[in-house]
Amino acid sequence: MSVKDLELPGIVVKQWLKEWNSVNFSQDELRKKPEPQFYLFSIPAKWLRKWSDIYRRQAVGKRSADKAAQRQHIPGRSQEIKRFIRGGFPWSDLSDTQKRSSEFKDLRMPGWLSTAIIANILAPGTERVNEQLAKKDSIELKVLSDGTAKLLIPEEITKGSWDPRVKPLEIIDGQHRLLAFEQNGDFDESYELPVVVFYDLDITWQAYLFYTINIKPKRINASLAYDLYPILRTQDWLEASPTGAYIYRETRAQELTEILWSYPKSPWFQRINMLGEPGGGTVTQASFIRSLAATFIKKWEGGKIGGLFGASLDSNSTDVLLWSRSQQAAFLIFIWQSISNSVGTVDAEWAEVLKKHRRKPGSRLDGGAKPSDFAFTNSFSLLASDQGVRGILQVINDLCFLAYDELELFDWVFFSDLEEGEIEESNLDRIIASIRTVAASDFIIRVANELANFEWRNSSTPEMDPELSKRQMIYRGSGGYKQIRKGLLELLASSSDEQISRISEEVIEKLGY
Amino acid sequence: MASTPVQRIRKGITHASPQRVRVAISELKERHFSQGKLLGYTNRYLTDTIKWVDKDTLPDPICIKDKDIAHYIATSTVLHCYDGWTFLSRGVEALLNGDRHSCIHMVYYAQLRAVMSIFANDGIGVFNRRHIWFNKLGTPDCVRSVGTHDFVREGFVKWARLKKKSNRILDVINVESISLTDWILAAVHGSGTMPITQVTEDWLESWGMDLKVLGKDHKLRNLASYRPQSIPDQPKIEMSSIVSSLSAFWSMLKPSQYGGFEMLDRYLLRNALHHTFRTLYGTNPTGNNYDSFVRRILGNLPRRLPTFIEDSLFDFLTSRTSVEEPVLFRESKELGLNAKRHLRPLAVLSRAILLLRLATALTADFLEENTVQKGDLAFWWDAQGGNAGLWNISGLDVDLNDLWSDLELVLSDVEDWLSNNPAQDSVSVVKDMIPLQLWHLSKFQLAGLWGILR
């Protein structure tokens, strides 16, 4: 903008409902009736900084006479914003060492400040800090008949020496953004800021506006962003941020675990040890989270297999499954329901033996009424172990990841409002039912039927054949995770079901087993 | 006027800055870690370190090779920390063989290495009688003529009292991925008062990690190392009790999904909030006032936690669950030598674990901040783990956190054994009955790897 223009164009935003006329307006109480509109302008940051002031509460004088509404300035916050303007996110969060490193050189992003600054134009004669705004220092606001407006800037205030005690603009919200632009700083003059301008807005309304913008809103569940924009799940720049990737992966794993635990029709309903306490169940929340983070939610690691919910399904594209948290949860529940149904009806020795050793009725992890319950609560069942849970999740993720196209996973679309908090049970019911419309559902049921034939007894099962017990010991401890995954894949690869066998062999080859 | 040793130590600790070693670890990553080396072959201090440090710090001003020494100190953040866990393991092995004195000797060195790692994180290298520190401009300086133990002891006292340094501990330990700093700040959200500056110093003192660890236990170490072991008489080893305590220590070291220790960090949080409440209100953290305090904190955290997690944390933080103080913290309040001059190795062990927890957190953060990832140091930790018997062939295919499941089996076996052998004092009998389990119980290096490598 050239200072010789001295006029800035803007638009009028009319906002007034007749109900507002009954609000208590009082000039004496610093809440005189505002104009029925405000205005939108685009103002170069440097000039906005020069023409405005942020009045800090002064310690001198009576508090009641102190009309300034703003709060203290946190210098660190403005510095943070300044870094953001220069390099965007996550660049602004990196340490100096990281910024110098070649590893992070591609992480510079635009530092847009797209949220409007909120400002008030003082009418001439308005008093601030015991002085009045002089007419020569005032900015005139002219409303035109075509619905636009103009700010008329007196030449006086564009001079370098201009620095009155009371400036014509005061900032209601956005002080830290503005203070990131030092008065004599080196930001390009073309960096403009969107500014919402009120004219002669009384102090009480300024404070009210500040409150409703900054205090009233609830904190956002950050993982919701990954459902609003699923493409965020595979962005390099988020991976590089210390908090970015975590927010999705770990938080989503935690949310999904909680849903599996709390949804009444889930085989894991109240069976995951959420507190990690002794006697609270054999699979802890932490291990379930780890298993989800290592399977469905893991990122693509080039060459091998990524996570269905956390990676592009094709290394040559950015295709990400657009499933929301509800859909992801529903898919997992469907998997476990299928497993539960198949182990409940399978005619296998392991199942008969474990049924004999089910927990007593009335105990905290009672086997319950469902035929399959014995497998999920029995301390001799590998299905109720970390290794078993990880194995099931790994194998089904692997199969679905490689065969996403033939399983029509992209075709499973469910439109519903994104639920930020707890997901309604009825909503989950509907989403789970809708899975039946795609090829994946039948495939998972068939896979579950095959997996029910695995030897799910652990090596400590009473009266077990010694040789079998010895063989089952490979599933104990840290080695058990890999062994179970391998064992399950080998079982599936030997299936008479051509599709299952073929895809499993493909997985085995990918993993190098 | 010539300064006293204590003055020189305090000056070094106060003015030391981590900037230079942060740059150094990044340089090491780019040039040497990728080649499978911890230091360059031409690094002057790679071999005969003490000799060269002594020589280069003899003149005034010193003529130390600052880049080489910076690299050395940077690497030593990790190595001192891991060595500390290894010394701890050796100490536990000695104890499980009935040798209290050797245990205390080893565990003292575990504590020493923990503090040396903490110092290295701050740009301070401890070298026999010459100790190098970097100032914020990256210029090295030296504290001369002070022995290692005196430097560490006095230096740590000073370090604990420098808020800007010791408060970093609270920045690098997390619960539910929220730093202890942020948990404590949530307590004073909007109030304008900041008790955080008191927490760490009082915390360290109340744990006895300063003079109690390095002063009285230093003397204790001398007692263990230099005096005949049977004078004065020591009571019989209570193996069941020792095994039980070690199991309890291990249960606190379960790795969390956030890169720390799930249970230990929760208890540290509870401890810190109790302290903060006392500081703010001058009363004990109990009753409705404390409940409200915790609720307020949970409501003011920088990230909203799922309701269930909030509820379970509320119960834990208000001691509705896990009421009893863990053995680790109870033992840490005991002296290493009781009134009857009987050695108490578990007390020394517990403090070593707590010190190592701090060193590990700082080291992990140091690596992460400077982009050194687990894979960059794989050449080192894979070999270390193999040497320590933590894995058969290679640890590279294993998620280190999954190794906890091996410990779980051991702890379960030990629990069964203890229920059948509650008062077994014979070292040889116990070693016959549960040899594999005892072997696993001593492998504290694993906890070091969990904590350092995120």
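Because the structure is a prediction, the values reported are computed rather than measured.

Residues and elements named next belong to chain A. Taken together, the eight strands give an open sheet; going across it, the order is S3-S9-S4-S10-S2-S1-S8-S7, and neighbouring strands pair in mixed fashion. The open sheet is flanked by strand S3 (52-53) and strand S7 (140-143), the only strands paired with a single partner. Bridging between strand S1 (residues 7-14) and strand S2 (residues 37-44) involves five bridges; their strand directions are antiparallel. Bridging from a neighbouring strand, glycine 10 pairs with phenylalanine 41 of S2. Lying on the sheet, helix H5 (residues 203-214) is in contact with strand S4 (117-121), strand S9 (169-173) and strand S10 (192-199); it crosses S9 at an angle near 35 degrees.

Turning to the sheet that holds strand S1 (residues 124-127) of chain B, a few remarks are in order. Residue and element names in this part refer to chain B. With antiparallel pairing, the three strands of this open sheet are ordered in space as S1-S2-S3. Each end of this open sheet is capped by a strand with a single partner; those strands are S1 and strand S3 (140-144). Across the sheet, the axes of successive neighbouring strands diverge by a mean angle of 20 degrees, strand direction being ignored.

Attention shifts here to the nonpolar core. Membership of the largest hydrophobic core comes to 140 residues, with the highest contact counts inside it found for Leu88, Trp183, Trp250, Leu349 and Trp450 of chain B. No other element matches helix H17 (residues 345-369) of chain B, which puts 14 residues into this core. Setting aside anything within four residues of it in sequence, one finds tryptophan 450 of chain B in contact with Trp250, Leu253, Pro255, Gly259, Phe261, Leu400, Asn401, Leu403, Trp404 and Leu407 of chain B. Core analysis: the second largest hydrophobic core is formed by 86 residues, Ile431, Ile432, Leu492 and Ile500 of chain A among them.

Residues and elements named next belong to chain B. Per-residue confidence for chain B averages 87 on the pLDDT scale, and 91% of its residues sit at or above 70. Throughout residues 210-214 the model reports pLDDT below 50, and contacts reaching past four residues in sequence, or to other chains, amount to 23 contacts. Note on the complex model: pTM 0.80, ipTM 0.79.

Here the focus is helix H22 (residues 445-452) of chain B. Residue and element names in this part refer to chain B. Where burial is concerned, most of H22 is hidden: eight out of the eight residues are buried. Residues Gln445, Leu446, Ala447, Gly448, Leu449, Trp450, Gly451 and Ile452 constitute the buried set of H22. At its buried positions, H22 is contacted by helix H4 (66-96), helix H12 (239-251), H17, helix H18 (378-387) and helix H19 (404-420).

A separate point is helix H1 (residues 5-15) of chain B. All names here are of chain B. For H1, every residue scored as buried is listed here: Ile9, Gly12 and Ile13. Looking straight down H1, one finds its buried side chains confined to an arc of 95 degrees; they lie on one side. Buried residues along H1 sit against helix H5 (100-121), S1, strand S2 (130-134), S3, helix H6 (148-161) and helix H7 (163-166).

Residue and element names in this part refer to chain A. Tracing the backbone through its elements, the reader meets glutamine 394 in helix H13 (residues 386-402). Along the chain, glutamine 394 and glutamate 408 lie 14 residues apart, while their C-alpha atoms are 19 Å from each other. Once residues lying within four places of it in the same chain are set aside, the contact partners of glutamine 394 are Thr295, Tyr481 and Arg485.

A contiguous nonpolar patch, built from Leu17, Trp20 and Val23 of chain A and spanning about 240 Å² of accessible area, is present on the exposed surface. A relative accessible area of 34% places valine 23 of chain A in the partly exposed class.

Another aspect to go through is the interface of chain B and chain A. Taken together, the contacts link 36 residues of chain B with 32 residues of chain A. Taking both partners together, chain B and chain A bury about 2800 Å²; carbon and sulfur atoms supply 47% of that area. Counting the surface chain B buries against chain A, the share from its top three residues, Gln257, Arg304 and Phe308 of chain B, is 24%. At the junction of chain B and chain A, the tally comes to two salt bridges. Here aspartate 402 of chain B and arginine 290 of chain A are joined by a salt bridge, their closest N and O atoms 3.9 Å apart. Across the chain B-chain A interface, the total number found is four residue pairs in polar contact (both at pLDDT 80 or more). Elements with a contribution of two residues or more to the side of chain B that touches chain A: helix H2 (19-31), helix H14 (287-300), helix H15 (307-317), H17 and H19 of chain B. Considered class by class, the residues forming the side of chain B that touches chain A number eleven nonpolar, eleven polar and 14 charged.

For the rest of this paragraph, the subject is the packing of H12 of chain B against H17 of chain B. Axes are the key here: two packed helices are described by the angle between their axes and the distance separating the axes. All names here are of chain B. Taken N-terminus to C-terminus, the directions of H12 and H17 make an angle of 10 degrees; their axes are 12 Å apart at the nearest point. With respect to H17, the element H12 is oriented roughly parallel. Taken together, the residues of H17 that come into contact with H12 (itself represented by Ser245, Leu246 and Phe249) are Leu346, Leu349, Ser350 and Ile353. Taken together, the residues that form the contact of H12 with H17 break down as five nonpolar, two polar and no charged.

The next point concerns the pairing of strand S8 (residues 148-152) of chain A. All names here are of chain A. In terms of strand pairing, S1 meets S8 through five bridges, oriented antiparallel. Each bridged residue has a counterpart across the sheet, and for isoleucine 11 the counterpart in S8 is threonine 148. Alignment of S7 against S8, held across four bridges, turns out to be antiparallel. If you follow lysine 142 over to S8, its bridge partner there is lysine 150.

Our next topic: the environment of arginine 31 of chain A. All names here are of chain A. With respect to the secondary-structure elements, arginine 31 resides in the loop between S1 and S2. Relative accessible area serves as the criterion here: at 22%, arginine 31 is assigned to the partly exposed category. The spacing of arginine 31 and tryptophan 205 is 174 residues in sequence and 6.3 Å in space, taken between C-alpha atoms. Filtering out sequence-adjacent residues up to four positions away, arginine 31 remains in contact with Val23, Asn24, Phe25, Ser26, Asp202, Thr204 and Trp205.

Take the packing of aromatic side chains next. Summed over all chains, the structure comprises 41 aromatic pairs over all chains. Ring geometry for tryptophan 323 of chain A and phenylalanine 331 of chain A: centres 4.9 Å apart, planes at 55 degrees, overall tilted. An identical accessibility class is assigned to tryptophan 323 of chain A and phenylalanine 331 of chain A; each is buried. Consider the rings of tyrosine 72 of chain B and phenylalanine 127 of chain B, whose centres lie 5.5 Å apart with planes at 50 degrees: the pair is tilted. Remark: phenylalanine 127 of chain B occurs in strand S1 and tyrosine 72 of chain B occurs in helix H4; sequence separation between them is 55 residues. Take tyrosine 72 of chain B: its relative accessible area is 22%, and that puts it in the partly exposed class. The class for phenylalanine 127 of chain B is buried, based on a relative accessible area of 4%. Taken together, the ring pairs in this structure connect Trp16, Trp20, Phe25, Trp205 and Tyr208 of chain A into an aromatic cluster. Sitting over the face of the ring of phenylalanine 314 of chain B, arginine 295 of chain B holds its NZ or CZ atom 3.8 Å from the ring centroid.

The rules we used
Residues numbered from 1 in each chain as written. Chains lettered and ligands numbered in written order. Predicted model: local features only at pLDDT ≥ 70, side-chain atom pairs only at ≥ 80, totals over all residues. Heavy atoms only, no water. Pairing = 2+ DSSP bridges. Helix = DSSP H or I, 4+ residues; strand = E, 2+ residues; numbered from the N terminus. Contact = heavy atoms within 4.5 Å. Axes fitted to C-alpha atoms, helices over the stretch in contact; angles between N-to-C directions. Core = buried A, V, L, I, M, F, W, Y, C linked by side-chain atoms within 4.5 Å. Buried < 20%, exposed > 50% of the residue type's maximum accessible area, 1.4 Å probe, protein only. pLDDT = per-residue confidence, 0-100. Arc of directions from axis to C-beta. Patch = residues over 30% accessible without salt bridge, like charges linked within 9 Å, V, L, I, M, F, W, Y side chains within 5 Å. Areas by Shrake-Rupley, 256 points an atom, 1.4 Å probe, with all protein chains shown as cover. Salt bridge = Lys/Arg side-chain N within 4 Å of Asp/Glu carboxyl O. Buried area = accessible area lost by both parts, 1.4 Å probe. Polar contact = N/O pair within 3.5 Å; in protein donor to acceptor, adjacent residues only side chain to side chain. Nonpolar A, V, L, I, M, F, W, Y, C, P; charged D, E, K, R; others polar. Parallel < 35°, antiparallel > 145°, perpendicular 65-115°, else oblique. Phe/Tyr/Trp six-rings, centres within 6.5 Å; stacked < 30°, edge-to-face > 60°. Lys NZ or Arg CZ within 6 Å of the ring centre and 35° of its normal.

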